[in-house]
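# A look at the structure
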There are 2 protein chains.
Amino acid sequence: MKTTTRFPSTFRALLAVAALAGPPCTATAAVSGETLANQGAPGVAPCASCHGPDGHGNAAGFPSLAGLPAGYLAKQMHDLADGQRRNPIMMPIAKGLSDARIQAVAAYYAGLPPRDGGAASGDHRSAGRELAVNGRWADQLPACVACHGAGARGVAPHFPGLAGQHAGYLESQLQAWKNGTRDNDADGLMKRVAEQLSDEEIKAVSAWLAALPARGQVPDTTRPDPAPARADAVQGHFQPPLLADLPDGPDGEVIRRGAAIFSATPTHADSAPFVGNGQACVNCHLNSGRQADSAPMWAAWGLYPKYRSKNDRINTMADRIVGCFTYSENAQGSAKGVAPAPDSDLVTALQAYMHWQASGAPSGRTLDGQGYPALAAPSQAPSPERGAALFAAHCALCHGDDGQGTARPGTDRPTKDYEFPPLWGPHAYNWGAGMHRVNTGADFIKANMPLGRPGSLTDQQAWDLSAYINSHPRPQDPRFDGDLEATIKAFHGNRDRDYYGKTVNGYKLGAPGTLEQWEKDHDGGARPRANVDAQ
Amino acid sequence: MKTTTRFPSTFRALLAVAALAGPPCTATAAVSGETLANQGAPGVAPCASCHGPDGHGNAAGFPSLAGLPAGYLAKQMHDLADGQRRNPIMMPIAKGLSDARIQAVAAYYAGLPPRDGGAASGDHRSAGRELAVNGRWADQLPACVACHGAGARGVAPHFPGLAGQHAGYLESQLQAWKNGTRDNDADGLMKRVAEQLSDEEIKAVSAWLAALPARGQVPDTTRPDPAPARADAVQGHFQPPLLADLPDGPDGEVIRRGAAIFSATPTHADSAPFVGNGQACVNCHLNSGRQADSAPMWAAWGLYPKYRSKNDRINTMADRIVGCFTYSENAQGSAKGVAPAPDSDLVTALQAYMHWQASGAPSGRTLDGQGYPALAAPSQAPSPERGAALFAAHCALCHGDDGQGTARPGTDRPTKDYEFPPLWGPHAYNWGAGMHRVNTGADFIKANMPLGRPGSLTDQQAWDLSAYINSHPRPQDPRFDGDLEATIKAFHGNRDRDYYGKTVNGYKLGAPGTLEQWEKDHDGGARPRANVDAQ
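One structure accompanies this document, and this report is about it. (Residues numbered from 1 in each chain as written. Chains lettered and ligands numbered in written order. Predicted model: local features only at pLDDT ≥ 70, side-chain atom pairs only at ≥ 80, totals over all residues. Heavy atoms only, no water.)

## Quick notes on the nonpolar core
Soluble, globular proteins show a tendency: their nonpolar side chains are buried together. All names here are of chain A. We apply this condition: Grouping buried Ala, Val, Leu, Ile, Met, Phe, Trp, Tyr and Cys residues that are joined through side-chain atoms within 4.5 Å yields what is termed a nonpolar core. The rule is simple: take the accessible area with a 1.4 Å probe, protein chains only, and divide by the maximum for that residue type; under 20% is buried, over 50% is exposed, in between is partly exposed. Under the DSSP-based scheme used, a helix requires at least four consecutive residues in state H or I and a strand at least two consecutive residues in state E, with every element numbered from the N terminus. For this analysis, residues touch if any pair of their heavy atoms sits within 4.5 Å.
The biggest cluster of nonpolar side chains holds 46 residues, and the ones touching the most others in it are F391, W424, I445, L465, I469 and Y499. When contributions to this core are tallied by element, the ones reaching two or more residues are α18 (384–394), α19 (396–399), α20 (438–448), α21 (459–469), α22 (484–491) and α23 (514–521). Per element, the largest residue contribution to this core is 6 residues, and it comes from α21. With residues near it in sequence (within four places) discarded, Y499 still touches P382, P384, W431, V438, A467, N470, S471, V504 and L509.

## Here we look at the relation of the copies chain A and chain B
For clarity, the threshold we go by: What sets the superposition is a least-squares fit of C-alpha atoms, and only residues with pLDDT of at least 70 in both copies go into it.
Screw-axis analysis of chain A against chain B gives a translation of 0.0 Å along the axis, an RMSD of 0.0 Å, and a rotation angle of 180°. On this basis, the relationship between the two copies can be described by a two-fold rotation axis. Considering only C-alpha atoms, the residue of chain A closest to the rotation axis is A:P362, which sits at 2.2 Å. Of the interface residues in chain A, 100% have counterparts in chain B that sit at the interface too, so the contact is made through matching surfaces.

## Some thoughts on empty space enclosed by the protein
A water-sized probe, rolled over the atoms, reveals where empty space remains. The following threshold applies: Detection works on a 1 Å grid of protein atoms alone, calling trapped sets that fit a 1.4 Å probe cavities and calling open sets with protein on both sides within 12 Å along at least five of seven lines pockets, with lining residues defined by an atom within 4 Å of a point. Grid points are joined across faces, edges and corners, and a volume is the space filled by probe spheres set on the points.
Scanning the entire structure with this criterion turns up 3 cavities of 30 Å³ or more. Reported here for the largest cavity is a volume of approximately 240 Å³. Lining the largest cavity are 20 residues, with A:T316, A:A318, A:Q351, B:T316 and B:Q351 sitting closest to its centre. Sorting the residues of the lining of the largest cavity by element identifies α16 (317–326) of chain A together with α16 (317–326) and α17 (345–357) of chain B as the ones contributing at least two each. Residue contributions to the lining of the largest cavity peak at 3 residues, all from α16(A).

## Let's talk about the packing of helix α7 (residues 127–134) of chain B against helix α11 (residues 199–210) of chain B
Residue and element names in this part refer to chain B. Here is the rule: Lines fitted to C-alpha atoms define the axes, with helix axes restricted to the stretch in contact, and inter-axis angles between N-to-C directions lie between 0 and 180 degrees. By the definition adopted for this analysis, an angle is roughly parallel if under 35 degrees, roughly antiparallel if over 145, roughly perpendicular if from 65 to 115, and oblique otherwise. Ten residue types, Ala, Val, Leu, Ile, Met, Phe, Trp, Tyr, Cys and Pro, are classed as nonpolar, four, Asp, Glu, Lys and Arg, as charged, and the remainder, Gly among them, as polar.
Contact pair α7 / α11: the axes reach a minimum separation of 7 Å and the direction vectors enclose 80°. Classed by the angle they form, the pair α7 and α11 counts as roughly perpendicular. For the pair α7 and α11, contact is made by G128, R129, L131, A132 and V133 and by E201, A204, V205, W208 and L209, respectively. Considered class by class, the residues forming the contact of α7 with α11 number 7 nonpolar, 1 polar and 2 charged.

## Digging into unusual backbone geometry
Here the residue pair A:M449 and A:P450 is connected by a cis peptide bond, since its omega of -10° sits within 30 degrees of zero. Non-glycine residue A:A295 carries a positive phi angle of around 50°. Looking at where A:A295 falls in the secondary structure, it is placed in the loop between α14 (286–289) and α15 (297–300). When its relative accessible area of 13% is taken as the criterion, A:A295 is described as buried. A positive phi angle, close to 60°, is found at B:Q140, a residue other than glycine.

Geometric values such as these leave the question of function open.
What follows is the structure, encoded as structure tokens:
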């Protein structure tokens, strides 16, 4: 049952204002966003009358608009105009604006300084913080900051900032997602999130987010902890240690450093020099490497040393991590140009973190939830064409229409610092990474994507998506020695599951020059989607 | 209750021969061992009349003497003469021989080719083999080959060869040790061993040893397996995997190689270039690193990476193993002059072996039996003087009167290939090894020595022994930078438990030139006890 969003009675009168504003006027003279916001236009009430001259809204139900992504604001206006988002006050106002005016007013508010929640850091121990920064992965519930970005300050164009937003508005929206009165998102992601939250949790998380500063340095309290406070194992799986289990002293210090590297591999000072693309460990190992069926660290740790046919020798965990840098993180394109040494402090810190995650796990045993569950062969051959449509529907929201990911705001490293990683092109994993295999990609996608809704795609959809993603140009296999055929023979033998060496859309994948040509064809090089589009 | 050893009735007549041989004659003309053996002397029956012209004895109860260590044979004759070993046939004969003649005849038999058991390899799967080569460490029962040497061919001067010995004789002696009718060994070691064996097991192990070849290449079947066939955990402790659990393929291969390196570190082709002394991993980690309270690998594996104050950083297991080479195995004195790299195949093989030993052990947990149990502080200050007397009584049998260990036969590496390791001097662990600390040495000794009788020494005795052993010259601490005081300050702060820098018996321990002076004083250099003394 859907109902309209309820508003405080003192504002019901505004319905009348809106109703009186007259018919929609789409062919109007150019008016600046600022003018529209503060003075309105014939038939359009000024936004400022409810959202305030600074765009910060108020505690009585009107959200702060200041600093929200223009793309998000514009989409909301369009959705309000056509009923995708239901709101009796906003609908007539939105209907009264042309697309050009919507863009203008959205850009104006995106450029205003956001409302600051006023808290220096927020209560470190509150249940609201726990949900907001660590999520509740036992229920496949990602943290708010996983999509709404560092400090919950939003990720353009789709994810609004939550920091400093009015608690009451946040609460009302979470309730609206939960009860279905708001559903204008992609893939029902917010419904899936909100459904997991009790009324009490909604209150707690809203209050905590509302109190956050939206400007200045991102407070440490908004960063995920190396482990959550409460059990996060998916039912029936191994429970890695919790935050309270983190040791003090130098062991705890290195584990924390390992965790930080794990989640921010391309930008952490220790690892950045060895990362040649925009991939972090956590991109392939969700929930800080703790999630069952997402190649969790607690399951991987105990399996090494072991033989790997990939390099035909016994690999230690250090070797394995070096392999991740070599392939998944494309070290050849990094500042150092090589992967870190297996006995480096960097690799040791990652091992210390993994070792800790495996606390109590039986060594040498294959645990339930290890790796990605292997899908059965698909009934239809994986299709990049079908995959393209699925990508637009389910993946582009985060990874971009062009698969080039979404960069984080405020960074001078636009090709390395991503909120959501690129999946092909120069800043993606290379042709030697396990993920380039169509089967591995499909396994990962089925069990883990879209974030927060794993398992919602069919097996065939996962295969098709992987085929689409993995049939694009990407950085060279570092084992390539100048001879494509020889490299295929040596390392890319599974021709049914590997696009390396094949020609797709005119690009001979893996051939010298192909990636460069693709970059040239795509506007002079891959560009991660601008993260703050109008400031 | 002690009774004399029983002999087959057909040989009882010989008692009369012996009885008729007349009074002992100690001041006789020089007679060669060969003449004594084959023709006897006035009043002394020729040995050959019972032990055969080749010294191989017979199945009816007379042991083969050929190839046994002269020291062992001479001791038996003396013991038979003075009643320490009770035998009605041999007592009067032994009494009839001067010490010179005993030495001569012992040397003669030691030089004869030993009896060959005839089996190409022996039954790999028999219970007898299992006991002989793997022991039964659940009962602290070391393998026969642990003392009787590779191929059970004996270790001079104290341990007789068992390979090819008559099964009936071996059986009768094990029964004699078991029921107390033979007790002329040090520390009651053989009684402790034999008491653990059922009659059936005595039969099985005797038959298996008797069938072994005593010459030519040592058969692989006589080498300990990487793990025993049956559970060997001391009660209440973790059970590491058994031989049947060893994986096939390249993983199993590297685990086997690691096991071989672990037990023969100074001589294995992979590790020898990095070992500068006579210490193998297994010398400090008994039972192939599987024994509780003997710093077992299954307990160590799960604890790394972890911080160590020794080097003030986080250590991976690879780092830890490198540390063992650096200190316990004195890499500075090796052919390479340095420890192996942490990412070398050598260190990886050892890790693979350790990882396998830890199969099923909970990662990151301190398990019962980890390390050596720490002794409480001793009631009296540890005394090297008391330790010296204890050493002669309990340790010299294997480690030599001068602590220089016992080398293995047939090796051209007399300073590296030891049956029992040297405990001080140039081929021992260096001043940086953990074992040089009096507390660590005492902890190890109490829980593990003498081999097969752990816990039989008092705590004070363990402290005193460690003080004695660790107050001798040994190779320099590799962290020594030319300044003894500075090295003490940096690395040897526990002055109550560390002789480094102290002067004992005129040797300033750890000072440049001290070890060299000690070598000069000790007959031009440390010499491991000759292992085959008369061949």
